[in-house]
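Structural overview
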Amino acid sequence: MKHKTSTRSNIQSFPVPWASYLPSLLGSIDFSMEHSDHETLTREWLGIVSSHRDRHGYAIQEWQDSLQSALQLAQRQHWGILCAGDTPYSQIIIHACNRYSIPLRIIHAGSLNDSPDQAGVIRLSHQDSEATRNKADPPLHDRAVVFLSDKLFVLALSEGGRIARLLEERVQFDAIPPGTSYLAIPSTRPKRTKSSVRLDWLDRGVIGWLNIAPQLDTDQGFTAIAPNRNQAIHQPLLPIHLLVSSHSKFLIHCTRSRRGPWPDQSPAQFHDELLHRPWSSQPTVAQTLFRILQQRRLIATNAYRRGDLTTVCFSSNPISDLLAMRQFQPHLARWDWEPYGIMIDRDWLIQHGAKQVSYIDSVTAKTKSAEELAFCQVVSNTPGAIHWQKEQEWRVPGDIRLSSIPFSKAIVFVPTIEEATEIQKISSWPVAIAGVSGQSPP
């Protein structure tokens, strides 16, 4: 039988972007793993940790639902799972990863010579054999999962406990990017005090993953983790301010409430709709967004634009700036920018024909072809004219089929957590909470 060999290295060589800071986070330790383990060096890893008040707390439905969702997230993103070996719940994670063929690495703390080398095991050891830690401190294996993982998923959290302290350290550490820590939020409505504490983590940079009913979609290429089980799926909920630093990655499409036929409705179809189902109240922006997500389609129009080519409009403004400058337009009887819509990866849109709008005067417009005019906006220098340039507009020709957009390439946004809770039931992408207070038209 061929004996497996391992490599022993200082923790500063561990393959995470913040490796140089690991000695300050974990102490002076070495790690070892099988020398041929190329996958550990190249794959992204989702660490899983959990508070646990009793040894079999992992058996409850809520905890298992959170685990199922973490595993599904890893499958969606092609991540591996990193977990500590010496925890009450490690064996169920190991079993689940083996059952569903998800790459797994197990962290053990102790002497590097404790046992023979094993594939899939990362061993940690203090360089100083006399090194001791305060008994109140989180165990090294928990600290290691929290700081050696590219992404972190907390299945259950006891406020004030060891995992909560480690999560606080991670989100406050500047070298670790924001939006890389996830916290499961139970589907059952917690007590108000616990709810406010749990949601407070969102303001500190943690992404909340909310339990919802099963909404598997084979069109998205998701793998059903447990097809014979009534599993829950999480979708992330995050405060919009977390996206400020990454605004250049996205282009933003704000939706509006309908004031007549849908863009894909003829006048006759619209009138038939009213005959069979007259409006009981004015349609809302949320209903428009709901329809977009149901149809998985952004419909192109040429309204208020020159030329016959239809396009879908976006803005490259940071979403916080865009919503801050929103104004009510009396001639249209609506707000120009609503805190409802979808952000789509800029590079993905460019690959699908997105172009930045050129702002030109009426004289230059006469020299442009119809196709060129579709990506131009005529501006005027006369007093009182609208300053279109501030919109930093981009346009995409034709409809956008949202079903082709990967999970990681779009973010849906709404103004409140209550609306986010509802909209994420049909969203195939993360949901951001814009946090814009309601405004009434003047």
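It should be emphasised that the depicted structure is a prediction, and the values quoted were computed from it without experimental measurement.

1. Looking at the overall build of the protein chain
Assigned secondary structure in the protein chain consists of 14 helices and 23 strands. Out of the 442 residues in the protein chain, the part that is buried amounts to 50%. Carbon and sulfur atoms provide 50% of the accessible area of the protein chain, an area that totals close to 22,000 Å².

2. A look at the pairing of strand β7 (residues 151-154)
Neither face of β7 is left uncovered, since the one carrying K151 and F153 and the one carrying L152 and V154 both have all their residues buried. With four bridges joining them, strand β3 (residues 45-49) and β7 adopt parallel strand pairing. Bridge pairing links I48 to F153 in β7. In the sheet, β7 pairs with strand β8 (residues 181-185) via three bridges, with the strands oriented parallel. Within β8, the residue paired with F153 across the bridge is Y182.

3. Observations regarding the nonpolar core
Formed by 62 residues in total, the largest nonpolar core has its most connected members in L22, I81, I93, L124 and L148. Counting residues in hydrophobic clusters, the runner-up holds 32 residues, among them L293, L298, L349 and I400.

4. A closer look at the pairing of β3
For β3, the tally of buried residues reaches five of five residues, placing the bulk of the element in the interior. Where burial is concerned, the two faces of β3 agree: the one with W45, G47 and V49 and the one with L46 and I48 are both buried. In terms of strand pairing, β3 meets strand β4 (residues 80-84) through three bridges, oriented parallel. By the bridge assignment, L46 is partnered in β4 with I81. In this fold, β3 hands off to helix α3 (residues 61-77), which returns the chain to β4; that crossover is right-handed.

5. Here we look at the packing of aromatic side chains
Counted by the stated rule, this structure contains seven aromatic pairs. Taking the centre distance of 5.7 Å and the plane angle of 50° together, the rings of W63 and Y89 count as tilted. Residue W63 is found in helix α3, and its partner Y89 is found in the loop between β4 and α4 (90-99); the two are separated by 26 residues along the sequence. According to the relative accessible area criterion, W63 is buried, its value standing at 5%. On the accessibility criterion, Y89 (3% relative accessible area) is buried.

6. Concerning the confidence of the model for the protein chain
The predicted model of the protein chain averages 78 in pLDDT, with 77% of residues at 70 or higher. Across the protein chain, the secondary-structure element scoring lowest on mean pLDDT is strand β15 (residues 334-335), at 56, and the one scoring highest is β3, at 96. A low-confidence stretch, residues 213-233 stays under pLDDT 50, and its non-local contacts, those more than four residues away or across chains, total 46 contacts. Here residues 437-442 scores under 50 on pLDDT; set against residues more than four positions off or in separate chains, the count is six contacts.

7. Some details on the packing of helix α5 (residues 140-148) against helix α6 (residues 162-172)
Direction vectors running N to C along α5 and α6 enclose 30°, while the axes themselves pass 10 Å from each other. Here α5 is positioned roughly parallel relative to α6, judged by the angle of their axes. As α5 runs across α6, the sense of the crossing is right-handed. For the pair α5 and α6, contact is made by D142, R143, V146 and F147 and by I163, L166, E169 and R170, respectively. Residue classes in the contact of α5 with α6 are distributed as four nonpolar, no polar and four charged.

8. Details of unusual backbone geometry
It is generally the case that most residues other than glycine have a negative phi and that most peptide bonds are trans. Even without being a glycine, H78 presents a positive backbone phi close to 60°. Turning to its location among the elements, H78 is positioned in the loop between α3 and β4. For H78, a relative accessible area of 60% puts it in the exposed group. Of note in the backbone geometry, S101 takes a positive phi value of approximately 55° without being a glycine.

9. Regarding the pattern of salt bridges
Inspection of the entire model under this criterion finds nine salt bridges. For K249, the salt bridge goes to D345, with nearest N and O atoms at 2.9 Å. Placement of the pair is K249 in the loop between β10 (233-239) and β11 (250-254) and D345 in strand β16 (residues 341-345), with a sequence separation of 96 residues. For K249, a relative accessible area of 37% puts it in the partly exposed group. Residue class for D345 comes out buried when judged on its relative accessible area of 4%.

10. Topic: the side chain of D345
At 2.9 Å, the side chain of D345 and the backbone nitrogen of W348 are in polar contact. Those residues within four positions of D345 in sequence are excluded, and the remaining contacts are K249, F250 and K409.

11. Remarks on the side chain of E391
The topology assignment puts E391 in the loop between β19 (376-378) and β20 (393-397). Despite being buried, E391 has no salt bridge partner; R256 is the closest side chain of opposite charge, sitting 6.1 Å away. What E391 contacts, discounting residues up to four positions off in sequence, is S315, S316, N317, W337 and Y359.

12. Description of the environment of S380
Tracing the backbone shows S380 in the loop between β19 and β20. Between the C-alpha atoms of S380 and S362, which are 18 residues apart in sequence, the distance is 7.8 Å.

About the cut-offs
- Residues numbered from 1 in each chain as written.
- Predicted model: local features only at pLDDT ≥ 70, side-chain atom pairs only at ≥ 80, totals over all residues.
- Heavy atoms only, no water.
- Helix = DSSP H or I, 4+ residues; strand = E, 2+ residues; numbered from the N terminus.
- Buried < 20%, exposed > 50% of the residue type's maximum accessible area, 1.4 Å probe, protein only.
- Areas by Shrake-Rupley, 256 points an atom, 1.4 Å probe, with all protein chains shown as cover.
- Pairing = 2+ DSSP bridges.
- Core = buried A, V, L, I, M, F, W, Y, C linked by side-chain atoms within 4.5 Å.
- Right-handed = clockwise from strand over helix to strand, strands pointing away.
- Phe/Tyr/Trp six-rings, centres within 6.5 Å; stacked < 30°, edge-to-face > 60°.
- pLDDT = per-residue confidence, 0-100.
- Contact = heavy atoms within 4.5 Å.
- Axes fitted to C-alpha atoms, helices over the stretch in contact; angles between N-to-C directions.
- Parallel < 35°, antiparallel > 145°, perpendicular 65-115°, else oblique.
- Left-handed = near helix turned anticlockwise from the far one by under 90°.
- Nonpolar A, V, L, I, M, F, W, Y, C, P; charged D, E, K, R; others polar.
- Salt bridge = Lys/Arg side-chain N within 4 Å of Asp/Glu carboxyl O.
- Polar contact = N/O pair within 3.5 Å; in protein donor to acceptor, adjacent residues only side chain to side chain.
- Lys, Arg positive; Asp, Glu negative; His and termini not counted.

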